[in-house]
Amino acid sequence: MNTPELGLPMPVPAEGLPARVRIHEVGARDGLQNEKATVPTAVKAEFIRRLAGTGLTTIEATSFVHPKWVPQLADAEDLYPQISDLPVSLPVLVPNERGLDRALALGARRVAVFASATESFAKANLNRTVDESLAMFEPVVSRAKGEGDDVRVRGYLSMCFGDPWEGPVPVPQVVRVCRALLDLGCDELSLGDTIGVATPGQVTALLAALAEAGVPVSALGVHFHDTYGQALANTLAALQQGVSTVDASAGGLGGCPFAKSATGNLATEDLVWMLRGLGIDTGVDLGRLVATSVWMAAHLGRPSPSRTVRALSHQES
Ligand code: HMG
Ligand code: MG
């Protein structure tokens, strides 16, 4: 593997942005859950090891969901012990108590439940209404928190901006489920643009409404898919509102098998490039990250869609 020759952007800090951003890397979960061919467990483990070697500190590893629903991640029991020694946070998705039991049995200390702002996606993704899913999460969050002070629970909220069945999603509907997740005891929320339709004004409006509803911005992360090329612009809008946790996937892998129009997440490399240009520290070595995505793209048999990976590597496109 060759480390690509790198240019780096000129750091020109902008006013009113956070000094540091924590990247919540989702490539191994959100990315690989969507691959048609199942990636061998050893390749997943190596991918996560390489990601940890780039300086990323939060690497979502897998999901303890029903293996028939997401066969791509059915090897969670095999994978997790192969990476659990890494000195990084390794969150895993757990939809219900069965998922939590499986995760806790392997020593996981970071778990995430995943709700929907819309009824259509709650049904498609969890086979539940929104309120039934919240009821399903209630014992998951309380039991996880009862495991000790070092256990952290993330609450994802999908379809915060637009839904493939229902269209634009009203802000109060999103705010209601955010509040409910916080009231369950989630430490952090991740606002998902699952199908990548949001634009920056919409992001600003939702964050303003959440602030108005008393949701502290320190508890919020953003999770943009890049279907319409808006993910970076949306991220900047969120940073301007004080958000300092940003989800991204190495090489722009991703999508959601239960939302047909979803494409890959914001590419971590594109995010790191922008943040570096803004003088914002992430602790990530961009060269190593690009090399990791090029390596993964070779395994998947197609080039990374990330503009930054393409610019900084000699990958065939
Ligand atoms: P269900 O069919 O309603 O399950 O699925 P159930 O509760 O009726 O249980 C049926 C059987 O499944 C039982 O077995 C359970 O034990 C078993 P039986 O007693 O019949 O033999 N079961 C399980 N087995 C293993 N692990 C489990 C588990 N749970 C039940 N955890 C369920 C409900 C939630 C399980 C299902 O809908 C599911 O697994 N959904 C997962 C969907 C998913 O992973 N989607 C992708 C992640 S979300 C996403 O990508 C969006 C995000 O990126 C943010 C964004 O972009 O917006 C996070
Ligand atoms: Mg997602």
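Quick caveat: nothing in here was measured; it's all calculated off a predicted structure. (Residues numbered from 1 in each chain as written. Chains lettered and ligands numbered in written order. Predicted model: local features only at pLDDT ≥ 70, side-chain atom pairs only at ≥ 80, totals over all residues. Heavy atoms only, no water.)

Q: Would you take a moment to explain the packing of helix α2 (residues 41–52) against helix α3 (residues 76–83) for this structure?
A: The description of two helices packed together rests on the angle between their axes and the distance between the axes. In contact at an axis separation of 9 Å, α2 and α3 are set at 35° when each is read in the N-to-C sense. Handedness of the crossing formed by α2 with α3: right-handed. Side by side, α2 and α3 meet where Thr41, Ala42, Lys44, Ala45, Ile48 and Arg49 of the first sit next to Asp78, Leu79, Gln82 and Ile83 of the second. The residue inventory of the contact of α2 with α3, partitioned by class, reads 5 nonpolar, 2 polar and 3 charged. (Axes fitted to C-alpha atoms, helices over the stretch in contact; angles between N-to-C directions. Helix = DSSP H or I, 4+ residues; strand = E, 2+ residues; numbered from the N terminus. Left-handed = near helix turned anticlockwise from the far one by under 90°. Contact = heavy atoms within 4.5 Å. Nonpolar A, V, L, I, M, F, W, Y, C, P; charged D, E, K, R; others polar.)

Q: Mind showing me how you'd approach the packing of aromatic side chains here?
A: Aromatic rings considered in pairs are described by the distance between their centres and by the relative angle of their planes. Here the structure, examined in full by the defined rule, presents 1 aromatic pair. Relative to Phe224, the ring of Phe161 has its centre 6.3 Å away and its plane inclined at 40°; by these criteria the two rings are tilted. Here the residue Phe161 occupies a position in the loop between β6 (152–158) and β7 (162–163), and Phe224 occupies one in strand β10 (residues 220–224), the gap between them amounting to 63 residues. Summarising the burial analysis for this pair, Phe161 and Phe224 share the class buried. Above the plane of the ring of Tyr156 lies Arg29, whose end atom (NZ or CZ) is 5.5 Å from the centre. (Phe/Tyr/Trp six-rings, centres within 6.5 Å; stacked < 30°, edge-to-face > 60°. Buried < 20%, exposed > 50% of the residue type's maximum accessible area, 1.4 Å probe, protein only. Lys NZ or Arg CZ within 6 Å of the ring centre and 35° of its normal.)

Q: Whenever I open this one, the environment of Ile280 confuses me. Can you help?
A: With respect to the helices, strands and loops of the structure, Ile280 is situated in the loop between α10 (268–277) and α11 (286–300). Accessibility expressed as a relative area gives 6% for Ile280, which makes it buried. Counting along the chain gives 268 residues from Ile280 to Val12, while the straight-line C-alpha distance between them is 9.4 Å. Ignoring any residue separated from it by four or fewer positions in sequence, one finds Ile280 in contact with Leu17, Pro18, Ala19, Arg20, Val21, Leu239 and Leu275.

Q: Whenever I open this one, the sheet that holds β6 confuses me. Can you help?
A: By way of backbone hydrogen bonds, the strands of a sheet pair with one another, either parallel or antiparallel. Across the sheet, 9 strands lie side by side as β2-β1-β11-β10-β9-β6-β5-β4-β3; this open sheet has parallel pairing. Since the sheet does not close on itself, it has two edges, and those belong to β2 (58–59) and β3 (62–63), each with one partner. Note: strand β1 (residues 22–25) against strand β11 (residues 245–248), 4 bridges, orientation parallel. Within β11, the residue paired with Ile23 across the bridge is Val246. (Pairing = 2+ DSSP bridges.)

Q: Hey, could you run me through α3 in this one?
A: Owing to its 3.6 residues per turn, the α-helix brings residues three or four apart onto one side. Considered for burial, the residues of α3 that qualify are Ala76, Leu79, Tyr80 and Ile83. The arc that holds every buried residue of α3, seen down its axis, measures 100°, which confines them to one face. In the core, the buried residues of α3 are packed alongside α2, β3, β4 (92–93) and α4 (97–105). (Arc of directions from axis to C-beta.)

Q: Is there a simple way to think about the side chain of Thr62 in this case?
A: Among the secondary structure elements, Thr62 is positioned in strand β3. Once you skip the residues sitting within four places of it in the chain, Thr62 turns out to touch Arg29, Leu73, Ala76, Leu79, Pro91, Val92 and Leu93.

Q: What am I meant to see in the coordination of the magnesium ion (ligand 2) here?
A: For a metal bound by four donors in a tetrahedral arrangement, the ideal donor-metal-donor angle is 109.5 degrees, while six donors in an octahedral arrangement ideally sit at 90 or 180 degrees. For the magnesium ion (ligand 2), every protein donor is listed as Asp30 (OD), His223 (NE2) and His225 (NE2), and the spread of their distances is 2.1 to 2.3 Å. Donor residues for the magnesium ion (ligand 2), ordered by position in the chain, follow D-x192-H-x1-H. Residue His223 is classed as buried on the basis of its relative accessible area of 6%. (Donors = N, O, S within 2.8 Å, 3.2 Å for Na, K, Ca; no water.)

Q: Please clarify how the site of ligand 1 should be interpreted in this entry.
A: In the vicinity of ligand 1, 28 residues are found, and the nearest of them are His66, Asn96, Asn125, Ser158 and Thr194. One of the backbone nitrogen or oxygen atoms of His66 is found 2.9 Å away from an oxygen atom of ligand 1. Here a nitrogen atom of ligand 1 sits 2.8 Å away from a polar atom, N or O, in the side chain of Arg102. Sorting the residues of the shell around ligand 1 by element identifies α1 (27–31), α4, α5 (119–126) and β6 as the ones contributing at least two each. The leading source of residues in the shell around ligand 1 is α4, at 3 residues. Looking at the shell around ligand 1 residue by residue, the class counts come to 12 nonpolar, 11 polar and 5 charged. (Near = heavy atom within 4 Å. Polar contact = N/O pair within 3.5 Å; in protein donor to acceptor, adjacent residues only side chain to side chain.)

Q: Would you explain unusual backbone geometry in this entry?
A: In terms of backbone geometry, most residues other than glycine have negative phi values and most peptide bonds are trans. Phi at Asn127 is positive, roughly 60°, even though this residue is not glycine. Position of Asn127 relative to the elements: it lies in the loop between α5 and α6 (130–146). For Met159, which is not a glycine, the phi torsion comes out positive at approximately 55°. Residue placement: Met159 occurs in the loop between β6 and β7.

So far we have only geometry, and geometry alone does not tell us how the molecule works.
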